[in-house]
Amino acid sequence: MGLEILVCIKQVPHPDHFSEIRLDVGSGHIIREGVPAIINPLDRNALEEGLRVKERFSGKVTVISMGPPQAQKALEEALAMGADRGILLCDVAFAGADTLATANTLFYAVRKLGKFDLIYCGNETVDSGTAQVGPQLAELLDIPQVSGVQEVAFVDEKTLEVRRALEHGYMKVRLKLPALLCVTRGINRPRLPTVQSIMEVAQKEMIIWKAKDIGAPPESIGLKGSPTCAAGVYEHKVGRRREIMQGSTEEQVQRTVARLKELGAI
Amino acid sequence: MAEYKGILVCGELADGKLASITTELLGCGRKLANELKENLSCLLASDAVGGAPKEAIAFGADKVYAVEHPALKEYQADSYMQVVGKLVKDISPRVILIGQTSMGRDLAPRLAFRLGASVTTDCLDLRIDPGTKLLVQTRPVYGGNAQAVFTSESMPQMVTVRTKAMSPLERDASRKGEVIPTKIDIDTSKVRTKILETVKEEAVGIKLEDAPVIVSGGRGMGGPQPFQTILKALADLLHGAVGASRPPADNGWVPEGLHIGLTGKIVAPDIYIAIAISGASQHTAGCSGSKHIIAINKDPEANIFREAEFGVVGKYEEVVPALTNKLKELLAG
């Protein structure tokens, strides 16, 4: 057999540079010039899972992303990690999408691509972190889905047992393919591309689709398809009273004790 | 189009009792309901709801829809969706409040999809715009470096709310309300996932999420040892728990369960003591909701001092044991 595997990825600003992201207060737009972009960390875990399944059962791994032209870089990196084919959904008509419009866009692309046995997503992104697109895509495709996946075991080629993280423990769930899984950080350690695999990228298939290519109705995608209305983005101001102590350890300890007392810790 | 009215809280049970997140949602929902002069309802769905509906009333609900069914013993999207979907259709609430929990994170996007509505997850602040009567929703983005404000053009307006972001009302057993036992048929053939087992992992000592004080260490700790000795001694003294930023978890110095940050746990204790933590936004996203942050770091330029209200510039190996000793002396009286 061969499994058809799809991995959904998003290009995000590097979290170590979040503090460099500036906001244009007038327009509310985010200025992230010069901030390096990466594959959302959990999406790399998702890809790693997909690659491992392919290695075990054979099959094909497709990576898909919706984003601006530069998001092709993220897809190329995914190809270098071992994915077979990249799909970039890139069109101004997709811009301003909330999670529902994003899930819709992915759905139309998946419909065009054909059947998948397994779809992997990262549990959430580091930039907006809504954790919504995976479950919503599963709803659209009408397939079972599990969030917070820490471990996947195949009972047979069509049946999975997955471990789902809970607040204070975990749950083991059995489900049949086709299915969509949203994975967490601990599930694996994503591989790094090798020199060989990087060289192979140029030979791999990269498809760029616009809205009309996937037959997505204009009212279901982009800003038009988004019921969420962003009223503004504000810089997070920390309104804390600030006191930074240098000086001798003894003095520092005394002041810290006094502060802890003031706060009712002792 | 149906008239959308009232607030609905999707409640949760923990060990058969009303979960603390639900009391927080009820506290917030009560305030919103009062502003709208509308009702506050709460859905409780389980195999047996026990005394939880009465508790929900004591914490602010006007109406509690109690749904009991064997298929609801534990949360599964395919069974819960049928219950919540049906109830929302029947009572058409204006606002739906869901906890940002493992259940809520799973349920909310699906429900939103089925209702063709938007959902704003992980909200820290909610209010009603007096003019439009719309729910104004504030949530952090970019790891807490910015806050985004949303409204929804669609009804109902759905949000998930971060744990501990809202305060419950004072429990009042004399509050009046109505418990409505509700029968909802669940088509179990539509439940495509099967729960094999649920395992509770008991943390030793106080749970990170429940601890009033967290003593947290970072890369600067240098290894696993100080977490078990220096940090633990201070945490024990303050009846708190030990936490960590990402590098100690990545290096295996502490279990992943202690990892606080964007990709780990999000905590909001009364006092957060960050020790040898540089304060990358990855980490501060997980602790910025703390009431008070105290930082100890040898680097006066460390980013954590931007987030802290009180900072000590010094080596943790010197400052922390001295602090612990001083506190011990004090407590010994």
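The structure under discussion appears in the preceding block.
Residues numbered from 1 in each chain as written. Chains lettered and ligands numbered in written order. Predicted model: local features only at pLDDT ≥ 70, side-chain atom pairs only at ≥ 80, totals over all residues. Heavy atoms only, no water.

1. Thoughts on the interface of chain B and chain A
In many analyses, interface size is given as the accessible surface area lost on bringing the parts together.
Okay, so step 1: With 80 residues of chain B at the contact, the number on the chain A side is 78 residues.
Okay, so step 2: Between chain B and chain A, roughly 7,100 Å² of surface is buried when both sides are summed, and carbon and sulfur atoms account for 57% of that area.
Okay, so step 3: Its largest share of buried area at the contact with chain A, chain B owes to Phe113(B), Tyr142(B) and Phe310(B), together 11% of the area lost on that side.
Okay, so step 4: At the junction of chain B and chain A, the tally comes to seven salt bridges.
Okay, so step 5: In this structure, the salt-bridge partner of Glu124(A) is Arg105(B), at a minimum N-O distance of 3.8 Å.
Okay, so step 6: It is helix H4 (residues 102-115) of chain B that contributes the most residues to the side of chain B that touches chain A, nine residues altogether.
Okay, so step 7: Within the side of chain B that touches chain A, the residues separate by chemical class into 35 nonpolar, 22 polar and 23 charged. (Contact = heavy atoms within 4.5 Å. Buried area = accessible area lost by both parts, 1.4 Å probe. Salt bridge = Lys/Arg side-chain N within 4 Å of Asp/Glu carboxyl O. Helix = DSSP H or I, 4+ residues; strand = E, 2+ residues; numbered from the N terminus. Nonpolar A, V, L, I, M, F, W, Y, C, P; charged D, E, K, R; others polar.)

2. Observations concerning the pattern of salt bridges
Okay, so step 1: Counted by the stated rule, this structure contains 33 salt bridges over all chains.
Okay, so step 2: Between Glu256(B) and Arg185(A) there is a salt bridge, with the nearest N and O atoms lying 2.7 Å from each other. Here Glu256(B) is found in the loop between helix H6 (246-250) and strand E16 (271-275), whereas its partner Arg185(A) is found in the loop between strand E12 (179-183) and helix H5 (195-200) on a different chain.
Okay, so step 3: Since its relative accessible area comes to 36%, Glu256(B) is described here as partly exposed.
Okay, so step 4: Salt bridges linked by common partners bring Glu243(A), Arg255(A), Arg259(A), Glu262(A) and Glu309(B) together as one network. (Buried < 20%, exposed > 50% of the residue type's maximum accessible area, 1.4 Å probe, protein only.)

3. Description of the sheet that holds strand E6 (residues 95-99) of chain B
Residue and element names in this part refer to chain B.
Okay, so step 1: Overall, parallel pairing links the seven strands, which are arranged E7-E11-E6-E1-E4-E5-E12 in an open sheet. Whereas interior strands pair on both sides, the edge strands pair on one side only; in this sheet they are strand E7 (119-123) and strand E12 (178-181). Within the sheet, the average angular offset between the axes of one strand and its neighbour, ignoring direction, is 20°.
Okay, so step 2: The pairing of E6 with strand E11 (residues 157-161) spans five bridges and is parallel. Residue pairing across strands places Leu-97 opposite Val-159, the latter belonging to E11.
Okay, so step 3: Against the sheet, helix H1 (residues 20-36) contacts strand E1 (7-10), strand E4 (40-46), E6 and E11, and its axis sits at roughly 175° relative to E1.
Okay, so step 4: Contacting E1, E4, strand E5 (63-68) and E6, helix H3 (residues 77-91) runs over the sheet at an angle of about 155° to E4. (Pairing = 2+ DSSP bridges. Axes fitted to C-alpha atoms, helices over the stretch in contact; angles between N-to-C directions.)

4. Digging into the environment of Thr188(B)
Residue and element names in this part refer to chain B.
Okay, so step 1: Summarising the element assignment, Thr-188 is placed in the loop between E12 and strand E13 (193-200).
Okay, so step 2: Take Thr-188: its relative accessible area is 49%, and that puts it in the partly exposed class.
Okay, so step 3: Separated by 117 residues in sequence, Thr-188 and Ala-71 have C-alpha atoms that sit 7.5 Å apart.

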